[in-house]
Amino acid sequence: QKEVEQDPGPLSVPEGAIVSLNCTYSNSAFQYFMWYRQYSRKGPELLMYTYSSGNKEDGRFTAQVDKSSKYISLFIRDSQPSDSATYLCAMSQGGFGNEKLTFGTGTRLTIIP
Amino acid sequence: DTAVSQTPKYLVTQMGNDKSIKCEQNLGHDTMYWYKQDSKKFLKIMFSYNNKELIINETVPNRFSPKSPDKAHLNLHINSLELGDSAVYFCASSQGYGYNEQFFGPGTRLTVL
């Protein structure tokens, strides 16, 4: 069993729809939770991060963490064609020597105009 | 201004050859990483260096040897290339420990024939 499992997709939704992306994890030591966005043939870029259970909002994006269920989600409201990309959840224990990111397998999202 | 740069962007080579990938960051970060992304987009840590010192070595074959001449550079040398080494290799950097955003380079697409 992988430490981080992510809904594989691919996912295609019409423009303007609400998108929900999800990951579960098994390692209770994870303290930091991130969502990266990766456009085709580019490096991942950080979209959002959080370290506590609850919701964090940034514009059209909301990151949700439930540590008791070991479940994280990313919601995208009013989705745009420019949101079409692969979304990777990532987690870290933090602390010296534990900065490495453990990634989910990614969900490829296509927003249809 | 490129934050994390990698050279070359593409690398096509024959099995058995030795090749190097170079990474440089101009962010003043003290920690650098190598990640491997396979054909299914799964991104996995290989190594991390902090101030030129190896911190993480994620059970990577001995054919892979990272070298950090200074904290702004982290190179990856691969000996006796195998077909399974074909992947996209990403360099990343971050500052300090705990949680700090990792900035990724554009990737080097390695194809072994």
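Structure report, in brief. Here the structure is a predicted model, which means the values were calculated and not measured. (Residues numbered from 1 in each chain as written. Chains lettered and ligands numbered in written order. Predicted model: local features only at pLDDT ≥ 70, side-chain atom pairs only at ≥ 80, totals over all residues. Heavy atoms only, no water.)

What about the overall build of chain B?
Let me state the cut-off plainly: Elements are defined by DSSP. Helices are runs of H or I of four residues or more, strands are runs of E of two residues or more, and each kind is numbered from the N terminus. Contact definition: two residues touch when any of their heavy atoms are within 4.5 Å. The protein chains shown are the only cover counted for residues, whose accessible areas, like all others here, come from Shrake-Rupley with a 1.4 Å probe.
Counting its regular elements, chain B contains 0 helices and 11 strands. On the principal axes, the C-alpha backbone points of chain B span a range of 40 × 30 × 25 Å. A separation threshold of at least 6 residues defines the contact pool for chain B, and within that pool the share at least 24 residues apart is 54%. Accessible surface, chain B: about 5500 Å² in total, of which carbon and sulfur atoms supply 49%.

Description of the interface of chain B and chain A
Quick note on the threshold: A quick way to say it: buried area is the sum, across both parts, of accessible area lost when two parts are put together, with a 1.4 Å probe. What counts as a salt bridge is simple: a side-chain nitrogen of Lys or Arg found within 4 Å of a carboxyl oxygen of Asp or Glu. Polar here means any residue other than Ala, Val, Leu, Ile, Met, Phe, Trp, Tyr, Cys and Pro, which are nonpolar, and Asp, Glu, Lys and Arg, which are charged; Gly is therefore polar.
With 24 residues of chain B at the contact, the number on the chain A side is 22 residues. Of the roughly 2200 Å² buried at the junction of chain B and chain A (both faces included), carbon and sulfur atoms supply 60%. Joining chain B to chain A, the criterion identifies 1 salt bridge. Between Lys100 of chain A and Glu58 of chain B there is a salt bridge, and its shortest N-O distance comes to 2.6 Å. Here the side of chain B that touches chain A is composed, by residue class, of 13 nonpolar, 6 polar and 5 charged.

Things to note about the side chain of Thr50 of chain A
All names here are of chain A. What counts, and what does not: Throughout, exposure labels follow a simple rule: accessible area from a 1.4 Å probe, protein chains only, divided by the maximum for the residue type, with under 20% read as buried, over 50% as exposed, and the rest as partly exposed.
Positionally, Thr50 belongs in strand β5 (residues 45-50). Judged by its relative accessible area of 9%, Thr50 falls in the buried class. Apart from residues lying up to four places away in sequence, Thr50 is in contact with Gln31, Tyr32, Phe33, Lys56 and Val65.

Some thoughts on the state of the cysteines
Put simply, the test is: Cysteine sulfur atoms that pair up within 2.5 Å are treated as a disulfide.
Using the criterion set out here, one finds 2 disulfides over all chains in the structure. The partner cysteine of Cys23 of chain A in its disulfide is Cys89 of chain A, sulfur to sulfur 2.0 Å. The sign of the S-S torsion, about -100°, decides the handedness of the disulfide formed by Cys23 of chain A and Cys89 of chain A: left-handed. One end of the pair, Cys23 of chain A, is in strand β3 (residues 19-25); the other, Cys89 of chain A, is in strand β9 (residues 85-92), and 66 residues separate them in sequence. Residue classification places Cys23 of chain A among the buried residues on the basis of a relative accessible area of 0%. When its relative accessible area of 0% is taken as the criterion, Cys89 of chain A is described as buried. Each disulfide pairs two cysteine sulfurs, and for Cys23 of chain B the partner residue is Cys91 of chain B, the sulfurs being separated by 1.9 Å. The disulfide joining Cys23 of chain B to Cys91 of chain B has a torsion of about -75° about its S-S bond and is therefore left-handed. Here Cys23 of chain B, found in strand β3 (residues 19-25), pairs with Cys91 of chain B, found in strand β9 (residues 87-94); they are 68 residues apart in sequence, far enough to count as distant. This pair shows no difference in class: Cys23 of chain B is buried, exactly as Cys91 of chain B is.

Structural measurements only, silent on function.
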